[in-house]
Amino acid sequence: MMRKRFLSLIIVVIIFGLLPLKAEIELVGAGATFPYPLYSKMFAEYYKQYGVKVNYQAIGSGGGIRQLMARTVDFGASDAYVDDKGIKKFPAPIVHIPIVAGAVVIIYNLPIDSHLKLSPEVLADIFLGRIRKWNDEKIRKLNPDIELPNKDIVVIHRSDGSGTTFIFSDYLCKVSSEWQKKVGRGKVLNWPVGLGAKGNPGVAGLVRQIPGAIGYVELIYAKSNDIPFASVKNKKGNFIVPSLESVTLAADVPLPDDMRVSLTNTDSKYGYPIAGFTWILVYKDLANCGMSREKAKALVDLLWWMVHNGQKYATPMHYAPLSEKAQRKAEAIIKSIEFEGETLIK
């Protein structure tokens, strides 16, 4: 009896050893640090529910775009949409799927208890290096109830290719003709003044370390690191504290079908003026990435989940979920994704 059981066990081991197990699907993405905390949560939950692993590297929007262009990842992630000139550099057409909206906030290291108020003009002058002291008359005029120190302003900016930088510089271009002429907008800039740091965590870390420092990061990094952030005067003349509500209001603008849209300097009366969508970028025909049809379907299913069930993770992590209008646009884009000319979601 024992001999039969032993032989049966050997047979089972041989059979299962010879039969190949179904390989776990793994999707690879890279790009923006802006949504990294949210994406980490989304991808972990998706793996628990569906067994699809997502390996995402937060290397900055510029890096994500370059890797997608080189076809070394299945998807890229960016806080800056690729303009018409940039799209022509890709070997095949790409699409932008908006995931959430968020705020770029102005953080600072000052011994004050209330929100610092900053205007577009003052912000531009600080980052141009024209205002160098915290007790400058222009800043004091905006903050009459705050005792501002006679301390040097130390500008901290991103050193890597960053969609966060694109959003901030896009805003400054809209509110300052001097900034637009001398610096411009982009993921990487030739900064007039300041110290560079890699990623939102790098900027937040330097601002925390240096008294008198000022920088820009995503809202969640400021909250996570307990760094105060400024309220910013919007186009309608209101000082707006960045929040989910004010970001949602900023996004209440006409939306194009391809969802390549800027939310900065919004016309909304109570919208926060330095806000933007963050996108996942994929090839319109996923066969151009060299992936199998099974993997392509897994990627499209993930994207569909992110703009639907995955949205519930946005608010607790200080991101603004897609509005119904934006969600409908995202659905149409995902439905347009193909594999060898065949749509993957009917």
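Refer to the structure above for everything that follows.
The rules we used
- Residues numbered from 1 in each chain as written.
- Predicted model: local features only at pLDDT ≥ 70, side-chain atom pairs only at ≥ 80, totals over all residues.
- Heavy atoms only, no water.
- 1 Å grid on protein atoms, 1.4 Å probe; cavity = no way out; pocket = protein on both sides within 12 Å on 5 of 7 lines; lining within 4 Å.
- Points joined across faces, edges and corners; volume = space filled by probe spheres on them.
- Helix = DSSP H or I, 4+ residues; strand = E, 2+ residues; numbered from the N terminus.
- Nonpolar A, V, L, I, M, F, W, Y, C, P; charged D, E, K, R; others polar.
- Buried < 20%, exposed > 50% of the residue type's maximum accessible area, 1.4 Å probe, protein only.
- Pairing = 2+ DSSP bridges.
- Axes fitted to C-alpha atoms, helices over the stretch in contact; angles between N-to-C directions.
- Left-handed = near helix turned anticlockwise from the far one by under 90°.
- Contact = heavy atoms within 4.5 Å.

Student: Give me the layout of surface pockets: which residues, what numbers.
Tutor: Its volume calculated, the largest pocket comes out at about 370 Å³. Looking at the lining of the largest pocket, the elements with two or more residues in it are helix H3 (61–69), helix H4 (84–87) and helix H7 (163–175). Top contributing element to the lining of the largest pocket by residue count: H3, with four residues. Classifying every residue of the lining of the largest pocket gives six nonpolar, four polar and seven charged.

Student: Go over the pairing of strand E8 (residues 213–218), please, and point to the residues and values.
Tutor: Most of E8 sits inside the fold, with six of its six residues counted as buried. In this sheet, E8 lies alongside strand E4 (residues 94–108) in antiparallel orientation, the contact comprising five bridges. Along E8, the bridge assignment pairs Ile107 with Gly215. As defined by bridge partners, strand E6 (residues 154–158) adjoins E8 across two bridges and the pair is classed as parallel.

Student: An account of the environment of Trp305 is requested, with residue identities and associated values reported.
Tutor: Looking at the element boundaries, Trp305 is found in helix H12 (residues 293–306). Sequence separation between Trp305 and Met42 is 263 residues, and the spatial gap between their C-alpha atoms is 9.4 Å.

Student: Outline the packing of helix H5 (residues 120–128) against H7, supporting the account with residue identities and numerical values.
Tutor: Where H5 meets H7, the axes come as close as 10 Å, and the angle between the chain directions of the two elements is 115 degrees. The chirality of how H5 crosses H7 is left-handed. Only Phe168, Tyr171, Leu172 and Val175 of H7 make contact with H5, whose side of the interface consists of Pro120, Leu123, Ala124 and Phe127. Across the contact of H5 with H7, the residue classes tally to eight nonpolar, no polar and no charged.

Student: Describe in detail the sheet that holds strand E9 (residues 231–233), supporting the description with residues and values.
Tutor: Each strand in a sheet pairs with its neighbour through backbone hydrogen bonds, running either in the same direction (parallel) or in the opposite one (antiparallel). With respect to topology, three strands assemble into an open sheet ordered E5-E9-E10, the strand pairing being mixed. At either margin of the open sheet sits one strand with a lone partner, and together these are strand E5 (117–118) and strand E10 (239–240). Of the strand pairs in this sheet, E5 and E9 are connected by two bridges, and their pairing is parallel. Bridge pairing in E9 links Lys117 to Ser231.

Student: Outline empty space enclosed by the protein, supporting the account with residue identities and numerical values.
Tutor: Tallied over the entire structure, the rule returns one cavity of 30 Å³ or more. Together, 14 residues line the largest cavity, and Asp79, Phe166, Ile167, Val261 and Ser262 are the ones closest to its centre. Counting residues per element, the ones that place at least two in the lining of the largest cavity are H7 and strand E11 (275–283). No other element matches the four residues that E11 contributes to the lining of the largest cavity. Of the residues assigned to the lining of the largest cavity, the class counts are nine nonpolar, three polar and two charged.

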